[in-house]
Amino acid sequence: SEAEEHLKRAEKLRPNDPLVLAGWGEFYAATGNMPQAVTKYREAITLAPNELVYKHQLAIALTKSGDISG
């Protein structure tokens, strides 16, 4: 819950920051909410299409959700 509070504050300060969106992706992945993790990683990639770490994390979240082809 502490991580969630930090992310909420970061989101208020920088709502369109890909690092914040990827942080949410990591949070959701860690809590097992893969659909939300995928959504947040995709949003981060839209804003930072050359960031390979976000693409890697998205691939992991998709695989864990069962979407191997995604």
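**Student:** What exactly am I supposed to notice about the packing of helix H3 (residues 34-47) against helix H4 (residues 52-65) here?
**Tutor:** For any two helices packed against each other, one specifies the crossing angle of their axes together with the interaxial distance. For the pair H3 and H4, interaxial distance at closest approach is 9 Å and the crossing angle is 155°. The angle between H3 and H4 falls in the class roughly antiparallel. You can see that H3 and H4 cross each other, and the crossing is left-handed. Where H3 abuts H4, its residues Met34, Ala37, Val38, Tyr41, Arg42, Ala44 and Ile45 lie against Tyr54, Lys55, Gln57, Leu58, Ala61, Leu62, Lys64 and Ser65.

**Student:** Please clarify how the pattern of salt bridges should be interpreted in this entry.
**Tutor:** Pairs can form between side chains of opposite charge once their charged atoms are near each other. Overall, the coordinates contain three salt bridges when judged by the stated rule. Notably, a salt bridge pairs Lys8 with Glu5, separated by 3.9 Å at the nearest N-O pair. A residue pair is termed a helical-turn pair when its members lie 3 or 4 positions apart in one helix, as Lys8 and Glu5 do in helix H1 (residues 2-13) at three residues. Residue Lys8 is classed as partly exposed on the basis of its relative accessible area, which comes to 36%. When its relative accessible area of 41% is taken as the criterion, Glu5 is described as partly exposed. Where Lys40 meets Glu43, a salt bridge forms, and the shortest distance between an N and an O atom there is 3.5 Å. Here Lys40 pairs with Glu43, and both are found in helix H3, just three residues apart, close to one helical turn.

Calculation rules
Residues numbered from 1 in each chain as written. Predicted model: local features only at pLDDT ≥ 70, side-chain atom pairs only at ≥ 80, totals over all residues. Heavy atoms only, no water. Axes fitted to C-alpha atoms, helices over the stretch in contact; angles between N-to-C directions. Helix = DSSP H or I, 4+ residues; strand = E, 2+ residues; numbered from the N terminus. Parallel < 35°, antiparallel > 145°, perpendicular 65-115°, else oblique. Left-handed = near helix turned anticlockwise from the far one by under 90°. Contact = heavy atoms within 4.5 Å. Salt bridge = Lys/Arg side-chain N within 4 Å of Asp/Glu carboxyl O. Buried < 20%, exposed > 50% of the residue type's maximum accessible area, 1.4 Å probe, protein only.

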